[in-house]
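Close look at the chain arrangement
Each chain is listed here by its residues.
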Amino acid sequence: MTDKLTIIGTPVSPYVRKVLAVLDMKAVPFRCIPQVPFLGDENFTRISPLRRVPVMQIGDFTLPDSTAIVQYLDEAHPETMAYPGDIRDRARARWFEEYADDHLGRNVLFKLFFQRVVRPRIFKEEPDEAIVAEALEGDLPRALDYLEGEVPDEGFLAGDLSAGDIIIATLMKNALWAGWQLDADRWPRFAAWLARVNATPSVSKVNALADEVVNANPKEQMVILRRYFGKA
C-alpha cells in the first residue's frame, strides 16, 4: 500500500495553505492534521525542530518547511509545476517566494497577524498596537510599493501561476483577518494582480477554506478539510 501524504499544520497558516493549494493544483491526494505552530509536544518538535508548520510526512520520510515541500512536490509530481520551466521565470518565482516567506511573513504575521489574532486567542494577551502600527504604517506599505512595481499588468509574477504568487496571496488573507485593508487607489496594479491570483481555482479553494477554519478548533478544522479535499 502506498504511504499517505500527510500535511501537519493548521490551514490558518498561509504557509500551510500554500502547500495545500499546490497539492490541489497537482491533484495529489493528501490528508491534513491541524497543528498550531510553536505549540505541540516533543513528537512535534522532533519532526519540526523550529516548531513551525507545515510538515510533510510520507511513511518514514519527514520534511518541514513549505518551500522545501513545494520543491519536493514539483520533482515528485511534475505534471503541473509550481515553479516555471524557464530558468529566469523559475528564479523570479523563487525570489518572490523567498521575499514573501521571509520579509512579508515576518512583517505581516509577526507584527500584524500575531499581535491582532494569535496573541489574544492563543496566549490570552493584549496586542501591542505600537508593533501593529509599525507594520500597517511602515513595513507593509513599503513592501506593497515594491510589489506594485513588480506585478505585471496581466498574468502572474513569473508567467504561469507559481508558488511565489500563491504565498503572497495567502499572506494577504491573514493580513485582512488582522484588520488590514488594501488601498486599491494607491496600489492598483497589485490589487488587480491579487484579484487574479485569488480567482484561480486552487487559491480560491484555499481562501474559502481559510475563511471557514480561522475561527474553528482543530477538530472542526479536520471536518472542514475533509469537506474541501476529502481523504487521502
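Under an unreviewed UniProt entry, the name given to the protein chain is Glutathione S-transferase family protein, and the organism recorded is Kordiimonas lipolytica. Within the UniProt record for the protein chain, the comment given under Subcellular location (unreviewed entry) is "Cytoplasm".

**Concerning unusual backbone geometry**
Note: most residues except glycine have negative phi, and most peptide bonds are trans. Despite not being glycine, Asp 65 has its phi angle at roughly 90°, a positive value. Along the polypeptide, Asp 65 turns up in the loop between strand E4 (61-64) and helix H3 (66-76). The class of Asp 65 is partly exposed, set by a relative accessible area of 44%.

**Looking at the side chain of Ser 66**
Take Ser 66: it is sitting in helix H3. Residue Ser 66 is classed as buried on the basis of its relative accessible area, which comes to 4%. Reaching out from Ser 66, the side chain makes a polar contact with the side chain of Lys 18 at a distance of 2.9 Å. The contact partners of Ser 66, leaving out residues within four places of it in the chain, are Tyr 15, Lys 18, Val 19, Pro 54 and Asp 101.

**Observations regarding the side chain of Lys 111**
Along the chain, Lys 111 falls in helix H4 (residues 87-122). Of the polar contacts made by the side chain of Lys 111, one reaches the side chain of Glu 134; its length is 2.8 Å. Beyond its immediate sequence surroundings of up to four residues, Lys 111 is in contact with Arg 106, Ile 131, Val 132, Glu 134, Ala 135 and Asp 139.

**Considering the pattern of salt bridges**
If you walk through the whole model with that rule in mind, you get 15 salt bridges. The partner of Lys 18 in a salt bridge is Glu 97, with the nearest N and O atoms 2.6 Å apart. Taken together, the positions of Lys 18 in helix H1 (residues 14-26) and Glu 97 in helix H4 put the pair 79 residues apart, joining distant regions of the chain. The class of Lys 18 is buried, set by a relative accessible area of 0%. The salt bridge involving Glu 212 is made with Arg 227; its shortest N-O contact spans 2.3 Å. Taken together, the positions of Glu 212 in helix H8 (residues 201-213) and Arg 227 in helix H9 (residues 218-229) put the pair 15 residues apart, joining distant regions of the chain. Overall, the relative accessible area of 33% leaves Glu 212 in the partly exposed class. Through salt bridges with shared partners, a single network forms among Lys 111, Glu 134, Asp 139 and Arg 142.

**What to know about the UniProt feature "domain: GST C-terminal" (unreviewed entry) in the protein chain**
Taken from the UniProt record, the annotation "domain: GST C-terminal" (unreviewed entry) applies to residues 86-225. Taken end to end, residues 86-225 has its terminal C-alpha atoms 34 Å apart, with 74% of it in helix and 0% in strand.

Calculation notes
Residues numbered from 1 in each chain as written. Predicted model: local features only at pLDDT ≥ 70, side-chain atom pairs only at ≥ 80, totals over all residues. Heavy atoms only, no water. UniProt positions renumbered as here; feature names shortened; annotations may be inferred. Helix = DSSP H or I, 4+ residues; strand = E, 2+ residues; numbered from the N terminus. Buried < 20%, exposed > 50% of the residue type's maximum accessible area, 1.4 Å probe, protein only. Polar contact = N/O pair within 3.5 Å; in protein donor to acceptor, adjacent residues only side chain to side chain. Contact = heavy atoms within 4.5 Å. Salt bridge = Lys/Arg side-chain N within 4 Å of Asp/Glu carboxyl O.

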